[in-house]
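For reference, the chains in residue letters:
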Amino acid sequence: MNNNGKIFVRKTAPENSARMVESIYGCKWSLTVYQLLAHDINRPGEMVRNVEGLSTKVLNQCLKRNVEFGILDKVVYNELPPRVEYHVTEFGKRFLGILAQLDALQDEIDDQYDA
């Protein structure tokens, strides 16, 4: 066993991305918001009307967290009455791809335990 004198440093989990995934999965409405955005429902009022049990307060907290993480972009139009829309950022598209991979992994795990 020859390691050429290399000393390995303890590997740690990716702190920020792990916290992001945990925060998104911890919010029971984030995945629903992504589903709405995929169906071009991008205004908060529309979102609340289309999802039973979703309140404006909880939606706003969810949207704010996603904007802070850079997953969503908030666009405010200078109109009367005010209009706000949310869109998935380029980073958000990559992040949603990772969430899709986690879902696929979970499906594999479920299939394995069902067999």
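Because the structure is predicted, anything quoted here is derived from the model rather than measured.

Trainee: Any chance you could explain the overall build of the protein chain here in plain terms?
Mentor: The number of helices and strands found in the protein chain is five helices and two strands. For the protein chain, the succession of helices and strands along the chain, N to C, is α-α-α-α-β-β-α. Relative to a compact globule of 115 residues, whose C-alpha radius of gyration would be 13 Å, the protein chain shows 19 Å and is clearly more extended. For the C-alpha atoms alone, the extent of the protein chain along its principal axes is close to 70 × 40 × 20 Å. Out of the 115 residues belonging to the protein chain, those deemed buried represent 26%. When contacts within the protein chain are restricted to residue pairs at least 6 apart in sequence, long-range pairs at least 24 apart make up 47% of them.

Trainee: Honestly, helix α2 (residues 30–38) in this entry has me stumped. Any pointers?
Mentor: Residues lying three or four places apart along an α-helix face the same way, a consequence of the helix completing one turn every 3.6 residues. Buried within α2 are the following residues: Ser30, Val33, Tyr34, Leu36 and Leu37. The buried residues of α2 occupy one face: seen down the axis, they fall within an arc of 160 degrees. Turning to α2, the residues buried within the fold contact α1 (15–26), α3 (44–50), α4 (56–69), β1 (72–77), β2 (83–88) and α5 (90–114).

Trainee: Help me out: how do you make sense of α4 in this one?
Mentor: For α4, spanning 14 residues, the distance from its first C-alpha to its last is 20 Å, which sits close to the expected 20 Å at 1.5 Å a residue. Here α4 has its buried residues at Leu59, Cys62, Leu63, Asn66 and Phe69. With its buried residues spanning 125 degrees around the axis, α4 presents them on a single face. Away from its buried face, by an angle of more than 90 degrees, α4 presents the exposed residues Lys57, Lys64 and Glu68. Lining the buried residues of α4 we find α1, α2, α3, β1, β2 and α5. One or two residues past the end of α4 sits Gly70, with phi positive at roughly 85 degrees.

Trainee: What exactly am I supposed to notice about a negative patch on the surface here?
Mentor: Where like charges cluster on the molecular surface, the negative patch consists of Asp103, Asp107, Glu108, Asp110, Asp111 and Asp114. Along the polypeptide, Asp111 turns up in helix α5.

Trainee: Sorry if this is basic, but what is going on with the pairing of β1 here?
Mentor: Inspection of the sheet shows β1 paired to β2 by six bridges, in the antiparallel sense. When the bridges of β2 are listed, Leu72 appears paired with Val88. Where β1 folds back onto β2 in an antiparallel hairpin, the turn is made up of five residues.

Trainee: So what exactly am I meant to see when it comes to the packing of aromatic side chains here?
Mentor: For any two aromatic rings, the description comes down to two numbers: the centre-to-centre distance and the angle of the planes. All told, the structure shown has one aromatic pair when counted by the stated rule. Aromatic side chains Phe91 and Phe95 sit 6.4 Å apart centroid to centroid with 20 degrees between the ring planes, which places their arrangement in the stacked category. Note that Phe91 and Phe95 are positioned in helix α5 at a spacing of four residues, about one turn of the helix. According to the relative accessible area criterion, Phe95 is buried, its value standing at 5%. Taking NZ or CZ as reference, Arg83 lies 3.7 Å from the ring centre of Tyr77, over its face.

Trainee: Looking at this structure, I do not really get the pattern of salt bridges. What am I missing?
Mentor: Side-chain pairing between opposite charges can occur once the charged atoms of the two side chains come close. The tally for this structure, following the rule as stated, stands at three salt bridges. Among the salt bridges present, the one from Glu79 reaches Arg83, with a minimum N-O distance of 3.0 Å. A salt bridge links Glu90 to Lys93; the shortest N-O distance between them is 3.2 Å. With Glu90 and Lys93 both in helix α5, this residue pair falls three residues apart, about one helical turn. By relative accessible area, which is 59% here, Glu90 ends up exposed. Shared partners join several salt bridges into a network, and the residues in it are Glu79, Arg83 and Glu85.

What counts and what doesn't
- Residues numbered from 1 in each chain as written.
- Predicted model: local features only at pLDDT ≥ 70, side-chain atom pairs only at ≥ 80, totals over all residues.
- Heavy atoms only, no water.
- Helix = DSSP H or I, 4+ residues; strand = E, 2+ residues; numbered from the N terminus.
- Rg over C-alpha atoms; globule rule 2.2 N^0.38 Å.
- Buried < 20%, exposed > 50% of the residue type's maximum accessible area, 1.4 Å probe, protein only.
- Contact = heavy atoms within 4.5 Å.
- Arc of directions from axis to C-beta.
- Expected span 1.5 Å × (residues − 1).
- Patch = residues over 30% accessible without salt bridge, like charges linked within 9 Å, V, L, I, M, F, W, Y side chains within 5 Å.
- Areas by Shrake-Rupley, 256 points an atom, 1.4 Å probe, with all protein chains shown as cover.
- Salt bridge = Lys/Arg side-chain N within 4 Å of Asp/Glu carboxyl O.
- Lys, Arg positive; Asp, Glu negative; His and termini not counted.
- Charge placed at Lys NZ, Arg CZ, Asp CG, Glu CD.
- Pairing = 2+ DSSP bridges.
- Phe/Tyr/Trp six-rings, centres within 6.5 Å; stacked < 30°, edge-to-face > 60°.
- Lys NZ or Arg CZ within 6 Å of the ring centre and 35° of its normal.

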